[in-house]
Amino acid sequence: MAVGSAGERQTPGIAAWPRMLYRRSETLRGYTLLSPTMVIMLLALAAPMALLALYSFWSQEGYVLSTHFTLDQYGTTFGRDTYRALFYRSIAISSVVTLVTVLLAYPMAYFVAFRVQKSKFLWLILLTIPFWTSYLLRVFAWKIILGYDGVINSGLMSLGIIHEPLEFLLYNPFAVVITLAHAWAAFAILPIYVSLEKIDRSLLEAAADLGDGAIRRFFRITLPLSLPGVIGAAVLIFVPTTGDYVSPALVGGSEGVMIANIIEVQFTKVGDWPLGAAVAIASMAAVGIITLLTVQALRAAVARVK
Amino acid sequence: MSEAYIHIDRVTKRFGAVTAVDAADLKIRRGEFFSLLGPSGCGKTTLLRMIAGFDFPTDGEIFIDNNAVTAIPPNRRPSNMVFQSYAIFPHLNVFDNIAYGLRKLRLPRAELTARVEEALAMIKLSGFGMRRADELSGGQRQRVALARALVRRPKVLLLDEPLGALDKRLREAMQIELRQLQKNVGITFVFVTHDQEEALSMSDRIAVMSNGKVLQVAEPRTLYEQPNCREVADFIGTMNFFEGTVSGVQNGRIAIDAGPLGTLQATADSFASGASVLIAVRPEKISLSLAKIDSSVAGKISASAYLGERSHFNVIVEGLQEPVSVATQNVGRMGSAGLSGGETVYLSWPAEAMVILPI
Amino acid sequence: MSARRTQRPRKGRGLLAYAILYLAFLYVPVMFLPLFSFNNSMFIAFPLSGFTTQWYAQVWVDSAVQQALWNSLKVGITAALVSTILAVPAAKALTRYRLPGDASILGLISLSLFVPEIVLGISLLILLNAVAIPLSLMTVVLGHVVICIPFAITVLMSRMEGFDKSLEEASLDLGESGWMTFWRVTFPLVLPAIISSLLLTFMVSFDDFLIAYFLAGTDATLPIYIWGQLRFPYKLPTVLALGALILMASTVLVVFAEFVRSHGIEKGKRPMVGA
Ligand SMILES: Nc1ncnc2c1ncn2[C@@H]1O[C@H](COP(=O)(O)OP(=O)(O)OP(=O)(O)O)[C@@H](O)[C@H]1O
Ligand SMILES: [Mg+2]
């Protein structure tokens, strides 16, 4: 029978349409659920960053903020030798920290992914606990270890190995590197572990079957496949550590000062917010570009090796 | 009674560039066991989900009992669904799973218990109420899903390959149980399957789908005996196809020039003289003899298979590209014994065994 | 511990030794805090001079510590609640709906992981200053919510990805509204992740120094208080005691959070497997 009974049919009224549109559109519903978070992120993350960028084009004249567009702050940022030196030092320290952390973490993550069978969970918890516990206290621990009359010096002296405290331990870039490498360890382990864990074990067996030895297998299969995790870990450490404030302030001394300490000073003691903003924006941009280029170069290099 | 209880009115569903359901038009009757049959990815689940209210048609309208339900959310539709994965709530026991949809009715405790117990008895799981969901076997989970939907006394029950995850034995037992259950409760069932035997044995009517389109809606017998296109004929059972040209039309009968098969007489209208047609014949409708009889076609057996109650043969007919598939019942003790390959045989079939399809 | 182990025993043992050394590298430096917190001396140096609990007693009676602790608890609990409550619908949207641009949305949400904390701190400071909102514990909460949300969303998304979407559909199909479906199905199934998210985001907020440093105004949180004490050598032993207590409490909390999360995941997954 055709549409004979169409006359009795009840079709939805006009009033139902907006609701229906809403129900039909998955996108609309999804965005609604996301909107509170997005609003917070826009208000408390995106807007402040935009304002920070804006500030960097203004200037501080005495106690008055001048909102005339100017590139003076960037002139100062790039022009002052001390700032450039600090920036290079921050990049150098973070690069070493990233390298050290990733190199140290890789065998650890490899061990948990491939060697641990029953107690993976325990190992993972042990490795992540430090990650969640106070950053400040972990840095502080290094201060009391490396200090002039700290753990190492007093320990070695009471053992009679040295008679004068070693002064080179604290307040230098090396102290910052070891402190940061320790503080950021968990950030490296987890991404690497995840990418190792994802590797299909049958690939390794296939390679072994094709006559590859353990070493070749590692370099031809395991390492390339875990590279996304390695790159992720490196980015996740390099970018934030370039802007680290606590470690240089506590264990860096005057030789270990980094860019974040300069920014902090502009915002507190000096009170030149536009200059602080320009330093922050410039160094973030520079770090961003360096990171992107390095990641691209790494990817390209890997692609060529394959 | 041909009134459409569920009317799928030219419904189309697109996911981006993919057209999952393409202008499907279906009228499902009240109390009917209706199957959606088709190969994987043809849009069965999508169509079912639109009836249930989880997906919204890109175009078209769905009516249940003459009410447009297209704009109505799933929780206010008179249908319930048995999911392919069963979707048993893992944090609830069997009793609470079945009672889940009764909360809204605000039944007195005793009545609620009675209804759940009744449902448990119906699926032969009395005493399993306190079992946790993860303590059930696949078949038990399937039944709990069924009871959970039926306990709400829906007007329509939607089942998405409910037997797909069961082993063959259990599946066959459940087919019979499910059909029996449907007859007892009298609810309209819309049943999705890609298993043609399952669809043929259980359904009142079947819609065959392919690539989002509904090709044919018919009773199982009609679908088998009178497929309306090559795809349906091919998907259901085995079919031999021969090409031919209509050479004469005379009140309901046509003559077809079928090349190596000679001229065939068939019952069919709506074909004009000179039209190209496809002649479809089921293997079991072809008789095979060693002696030449009238209007038979000669061929050579190229392969044979003994399957117990019947045997299959491939017969090569000169001038045909594909071998003809023939099935014989092994009635006598020796059946078609001795025919193993190379013998010349003669094939024949009655005129009503042929289905004439346009190309 | 099968063939692989026996084939290359030396390599396996080498890695194990390395792993143990690595754990030592992670834990030993931090252990000096509790160690010296019981040392009966103003100086943090070997040799240890005797056992005392006086530093703990000093922490206990210090009203500034109590105030800072109370402030940190208020901030941490509020930030944990706000970020987790925001993250639940967001994680649902990101796992359950096909959204155009969801990759960039996730990018914006996780952006705070890649921005140095000092930049987060100063940029919020500028904004609050521009719109004349006075600094207080509430502004600290705002900053902390920004850094907590990525953690909350990650924890919740991995849980939501772990269970079958048709469970929620089944509930709708059985007559429940979207709201009741959330409470009767989604919430109980996601509960372990919610608890875990609350605990972990609390930890993130409780530990944070730098953002609070810029946004707290005159109210000190515990890390700000500790930072202030580090300048005075004679205060160090009490800081050690306080630090040891914080380390212990956060370790217990983290272990509990991780346990709830992984336990929940396993339990939720088992019944999902088909026949
Ligand atoms: N949510 C979706 N997004 C995009 N494409 C989809 C979606 N759901 C289904 N499709 C596509 O629509 C088509 C029909 O899918 P559907 O699930 O309805 O098939 P089916 O007939 O149920 O198959 P099966 O027997 O394998 O379950 C497929 O091509 C599928 O890839
Ligand atoms: Mg399907």
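Residues numbered from 1 in each chain as written. Chains lettered and ligands numbered in written order. Predicted model: local features only at pLDDT ≥ 70, side-chain atom pairs only at ≥ 80, totals over all residues. Heavy atoms only, no water.

A. Here's a closer look at helix α8 (residues 166-173) of chain C. All names here are of chain C. Burial analysis of α8 places seven of its eight residues in the buried class, the great majority of the element. Along α8, the residues that are buried comprise S166, L167, E168, E169, A170, S171 and D173. Residue G175 follows α8 closely and has a positive phi angle near 100 degrees. (Buried < 20%, exposed > 50% of the residue type's maximum accessible area, 1.4 Å probe, protein only. Helix = DSSP H or I, 4+ residues; strand = E, 2+ residues; numbered from the N terminus.)

B. Region of the structure containing the layout of surface pockets. Roughly 1800 Å³ of internal volume is contained in the largest pocket. Lining of the largest pocket is provided by 42 residues; of these, L190, P191 and V194 of chain A together with T154 and R261 of chain C occupy positions nearest its centre. For the lining of the largest pocket, the secondary-structure elements that each account for two or more residues are α5 (120-132), α9 (185-198) and α11 (214-242) of chain A together with α5 (102-114), α7 (137-161) and α12 (236-269) of chain C. Ranked by residues supplied to the lining of the largest pocket, first place goes to α9 of chain A with nine residues. Split into classes, the residues belonging to the lining of the largest pocket amount to 25 nonpolar, 10 polar and seven charged. Approximately 1100 Å³ is the volume found for the second largest pocket. In terms of lining, the second largest pocket is formed by 38 residues, of which the most central are R29 of chain A together with K92, Y97, L172 and G178 of chain C. Where the lining of the second largest pocket is concerned, the elements lending two or more residues are α1 (16-24) and α2 (26-55) of chain A, β1 (6-15) of chain B together with α4 (63-96), α8 and α9 (178-207) of chain C. Ranked by residue count, the leading element in the lining of the second largest pocket is α9 of chain C, at seven residues. For the lining of the second largest pocket, the residue count by class is 16 nonpolar, eight polar and 14 charged. (1 Å grid on protein atoms, 1.4 Å probe; cavity = no way out; pocket = protein on both sides within 12 Å on 5 of 7 lines; lining within 4 Å. Points joined across faces, edges and corners; volume = space filled by probe spheres on them. Nonpolar A, V, L, I, M, F, W, Y, C, P; charged D, E, K, R; others polar.)

C. Representation of the domain arrangement of chain B within the structure. All names here are of chain B. Per the domain assignment, the segments making up chain B are domain 1 (6-234) and domain 2 (238-358). Taking only C-alpha atoms into account, the centre of domain 1 sits 39 Å from that of domain 2. Of the residues lining the interface, 10 residues belong to domain 1; the matching set on domain 2 comes to eight residues. Contact with domain 2 buries area across many residues of domain 1, yet Y224, R230 and A233 alone supply 57% of it, more than any other trio. Applying the counting rule to domain 1 against domain 2 returns one salt bridge. Between E225 and K285 there is a salt bridge; the shortest N-O distance is 2.9 Å. Counting across the domain 1 and domain 2 interface gives three residue pairs in polar contact (both at pLDDT 80 or more). Residue assignment for the side of domain 1 that touches domain 2 shows that the elements contributing at least two residues are α7 (220-225) and α8 (230-235). Of the residues that constitute the side of domain 1 that touches domain 2, the class distribution is five nonpolar, two polar and three charged. (Domains from an automatic or database assignment. Contact = heavy atoms within 4.5 Å. Buried area = accessible area lost by both parts, 1.4 Å probe. Salt bridge = Lys/Arg side-chain N within 4 Å of Asp/Glu carboxyl O. Polar contact = N/O pair within 3.5 Å; in protein donor to acceptor, adjacent residues only side chain to side chain.)

D. Main features of the site of ligand 1. Near ligand 1 you find F15, V18, A20, S40, G41, C42, G43, K44, T45, T46 and E161 of chain B together with R98 of chain C, and these make up its full shell. Mapping the residues adjacent to ligand 1 onto the chains of the assembly identifies chains B and C. Take S40 of chain B: an N or O atom from its side chain is 2.4 Å from an oxygen atom of ligand 1. In isolation ligand 1 exposes 640 Å². Once the protein is present, 65% of that is buried. Among the elements of the structure, β2 (18-28) and α1 (44-52) of chain B are those that each provide at least two residues to the shell around ligand 1. Of the residues forming the shell around ligand 1, the biggest block, three residues, is contributed by α1 of chain B. A per-class count over the shell around ligand 1 returns four nonpolar, five polar and three charged. (Near = heavy atom within 4 Å. Areas by Shrake-Rupley, 256 points an atom, 1.4 Å probe, with all protein chains shown as cover.)

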